[in-house]
Amino acid sequence: VNNVEVRPSFAATFDIAKQSLKKDPLFGVGPGRFATEWITSKPDAINNTVFWATDFNYGIGFIPSLVVTTGLVGALAWLVFFVLFVYMGFKALFTRALDMFSRFTLVSSFILSLYLWIFSFVYVPSATMLILTFLFTGLFMGSLIEAGLVKIRSYNFVKDPRTSFLSVLIFIILIIGLIITTYAVGRRFVAATYYNKALVEANVNNNIDGAEQYLVKAVNLSGNDLYLRTLTDLELIKINMLLSRKDTSQEMLQSQFRTILSAAQSAAQGAVEKDKTNYQNWLTLGKVYESVVPLNIEGAYESAQAAYAEARKLNPKSPAILLVIARLDVAHKDIAKAKKEISEALKLKGDYTDAIFLLAQIQVNEGDLKSAIQSVEAAAYLNSTNSGVYFQLGLLRYEDKNYEGAASAFEQAIVLTPGYANAQYFLGLSYEKLGKDAEALALFAKLKETNPNNQEIDLILKN
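All values reported here derive from a predicted model rather than from experimental measurement.

Calculation criteria
Residues numbered from 1 in each chain as written. Predicted model: local features only at pLDDT ≥ 70, side-chain atom pairs only at ≥ 80, totals over all residues. Heavy atoms only, no water. 1 Å grid on protein atoms, 1.4 Å probe; cavity = no way out; pocket = protein on both sides within 12 Å on 5 of 7 lines; lining within 4 Å. Points joined across faces, edges and corners; volume = space filled by probe spheres on them. Helix = DSSP H or I, 4+ residues; strand = E, 2+ residues; numbered from the N terminus. Nonpolar A, V, L, I, M, F, W, Y, C, P; charged D, E, K, R; others polar. Salt bridge = Lys/Arg side-chain N within 4 Å of Asp/Glu carboxyl O. Buried < 20%, exposed > 50% of the residue type's maximum accessible area, 1.4 Å probe, protein only. Axes fitted to C-alpha atoms, helices over the stretch in contact; angles between N-to-C directions. Parallel < 35°, antiparallel > 145°, perpendicular 65-115°, else oblique. Left-handed = near helix turned anticlockwise from the far one by under 90°. Contact = heavy atoms within 4.5 Å. Patch = residues over 30% accessible without salt bridge, like charges linked within 9 Å, V, L, I, M, F, W, Y side chains within 5 Å. Areas by Shrake-Rupley, 256 points an atom, 1.4 Å probe, with all protein chains shown as cover. Expected span 1.5 Å × (residues − 1). Arc of directions from axis to C-beta. Core = buried A, V, L, I, M, F, W, Y, C linked by side-chain atoms within 4.5 Å. Polar contact = N/O pair within 3.5 Å; in protein donor to acceptor, adjacent residues only side chain to side chain. pLDDT = per-residue confidence, 0-100.

*Asks:* What am I meant to see in the layout of surface pockets here?
*Replies:* Gaps left between atoms show up when a probe the size of a water molecule is rolled over them. Estimates place the volume of the largest pocket at around 460 Å³. Along its surface, the largest pocket is lined by 21 residues, and Gly32, Arg33, Ala35, Thr36 and Asn57 are the ones closest to its centre. For the lining of the largest pocket, the secondary structure elements donating two or more residues are helix H2 (34–41), helix H3 (62–93), helix H8 (225–243) and helix H10 (279–290). Counted by class, the lining of the largest pocket contains 7 nonpolar, 9 polar and 5 charged residues. In this structure, the second largest pocket encloses a volume near 300 Å³. Around the second largest pocket, the lining is made up of 18 residues, and of these Ala17, Ile63, Pro64, Val67 and Phe121 lie nearest the centre. At the level of secondary structure, the elements contributing two or more residues to the lining of the second largest pocket comprise helix H1 (10–23) and H3. Ranked by residue count, the leading element in the lining of the second largest pocket is H3, at 10 residues. Taken together, the residues that form the lining of the second largest pocket break down as 14 nonpolar, 3 polar and 1 charged.

*Asks:* Please explain the pattern of salt bridges as it appears in this structure.
*Replies:* All chains considered together, the criterion is met by 16 salt bridges. When the shortest N-O distance is used, the salt bridge between lysine 370 and aspartate 400 registers 2.9 Å. On the criterion of sequence distance, the pair formed by lysine 370 in helix H15 (residues 369–382) and aspartate 400 in the loop between helix H16 (387–399) and helix H17 (403–416) is long-range, its members being 30 residues apart. Assessed through its relative accessible area of 53%, lysine 370 is described here as exposed. When its relative accessible area of 24% is taken as the criterion, aspartate 400 is described as partly exposed. Note that lysine 448 and aspartate 458 form a salt bridge whose closest N and O atoms lie 2.6 Å from each other. Placement of the pair is lysine 448 in helix H19 (residues 437–450) and aspartate 458 in helix H20 (residues 455–462), with a sequence separation of 10 residues.

*Asks:* Got a minute to help me understand the packing of H15 against H16 in this structure?
*Replies:* The description of two helices packed together rests on the angle between their axes and the distance between the axes. It is the contact of H15 with H16, at a shortest axis distance of 9 Å, that shows an interaxial angle of 160°. Overall, the two elements H15 and H16 adopt an arrangement that is roughly antiparallel. In terms of crossing hand, the pair formed by H15 and H16 is left-handed. Packed against H15, whose contacting residues are Leu369, Ala372, Ile373, Val376, Glu377, Ala379 and Ala380, the element H16 presents Val389, Tyr390, Gln392, Leu393, Leu396, Arg397 and Glu399 at the interface.

*Asks:* Hey, could you run me through a nonpolar patch on the surface in this one?
*Replies:* A grouping of Phe165, Leu166, Leu169, Ile170, Ile173 and Leu174 is seen on the molecular surface, where their side chains present a nonpolar patch of about 610 Å² in accessible area. One can find leucine 169 in helix H6 (residues 161–203).

*Asks:* Would you explain H19 in this entry?
*Replies:* Each turn of an α-helix holds 3.6 residues, which means side chains three or four residues apart point in the same direction. The first and last C-alpha atoms of H19 sit 20 Å apart over 14 residues, in line with the 20 Å expected at 1.5 Å per residue. Within H19, the full set of buried residues consists of Ala440, Leu443, Phe444 and Leu447. Projected down its long axis, H19 shows its buried positions confined to an angular sector of 90°, all on one face. Across from the buried face of H19, at angles greater than 90 degrees, the exposed residues are Ala438 and Glu449. In this fold, the buried residues of H19 make contact with helix H18 (421–433) and H20.

*Asks:* How should the nonpolar core be read in this particular structure?
*Replies:* One recurring pattern in soluble globular proteins: nonpolar side chains tend to sit buried together. Among the nonpolar cores identified, the biggest contains 36 residues, and Trp38 and Leu285 are the most heavily contacted of them. Those elements giving two or more residues to this core turn out to be H1, H2, H8, helix H9 (250–274), H10, helix H11 (300–314) and helix H12 (319–331). Counting residues per element, this core draws most heavily on H9, which supplies 7 residues. Contact partners of leucine 285, with chain neighbours within four places excluded, come to Ala268, Gln269, Val272 and Ala307. Ranked by size, the runner-up nonpolar core spans 33 residues in total, among them Ala360, Ala379, Ala409 and Leu429.

*Asks:* How should the side chain of arginine 229 be read in this particular structure?
*Replies:* Note that arginine 229 resides in helix H8. Residue arginine 229 is classed as buried on the basis of its relative accessible area of 11%. Of the polar contacts made by the side chain of arginine 229, one reaches the side chain of glutamine 280; its length is 3.2 Å. Sequence-distant contacts of arginine 229, defined by excluding residues within four places in its chain, comprise Ala271, Asn278, Gln280, Asn281 and Thr284.

*Asks:* Would you explain the confidence of the model for the protein chain in this entry?
*Replies:* Predicted confidence across the protein chain gives a mean pLDDT of 90, with 100% of residues reaching 70 or more. No element of the protein chain has a lower mean pLDDT than H20, which averages 85, and none a higher one than H10, which averages 95.

Okay, structure coming up:
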């Protein structure tokens, strides 16, 4: 089993903390908001790594990340806790007037909890590890009390009727709060179960309707924006499936299309309302409007553009959002604006092959084949292990009648992916253009073995 874990370095976490404390010095950006701060303050050099599109929810460790989310108040609280904890731990270690069992409990609980707290500083532990950390820390505190190293003060709330009434009232409020919290957590747990079942139905069983039913249940129990985004994606899949159907009348198609589109729009807008600071929610909403831009629905382009603009504000260093906007402009036939967006994306990430591909497609459509070839050659240089890049390069060179260059690109694609049938097919055509009939025949004979029912290959071999 291979398991790769990647986290920002100490230096990167420190930089994020420094930026967040400038904006929210006292209480930080808020619980669970490290990823929000990461996408706005991450170092520019991250875009040149394979983790450029990763939204890290934590920094190098659990405790350092809390400096970002809880600010100076939270950092000071943790510092006071650790100073007192270590002080009492060393005091317990050098206390001799204890029996063997008390000493064993004190020393073992302190060493275990100290190790786990250090672990939490340099790593992001699971919920189980955090529970163990607090468990052993509590055991250590209890052992301190049992050993008499911590003084206890007792207060009696029963003697005074006023304090008695107040304490009972507070106790009842706490019980009610506990019941409500337990109910809310239970609903979220059940919702998470439904969400996982929906993923299984969609990805394993290929049952889109079943997945939708589970997702609706999850959304009803917990309006998590992740569930709403997934439901939106599911509705868009249903739209694509609907548009490919040939056995349904035009009126029925239009009715079902409107219903599914309305459901997708409602789910995406619900995700945005749930968390307007999450750029992914705005991207999902923009994707819904973009899906109907080719149908020339009034206001679709403007709505998609506005949603993507909000996503870009929240994640200004992402070249992927710029590429999404460029594709929207291509669909709207605003090629000049699309080129500008691609240029800005490449400034953020010079080796962004998807942006280079889109630029090449635009250049081909404009009849500028030479520039398109240069663009894909740049993509091949930057991503030399991608067989698809070499295949696209080969196609462009073949269309440009550079058969020697096309053959070279197709050969490289086959080296990277030995069973690449499309690359073998066009390599055979390139060999024929170069007069290498024997090599071409060998390639098409091999393709005939793997594609026995392909009549076009039979015709090529016969010719």
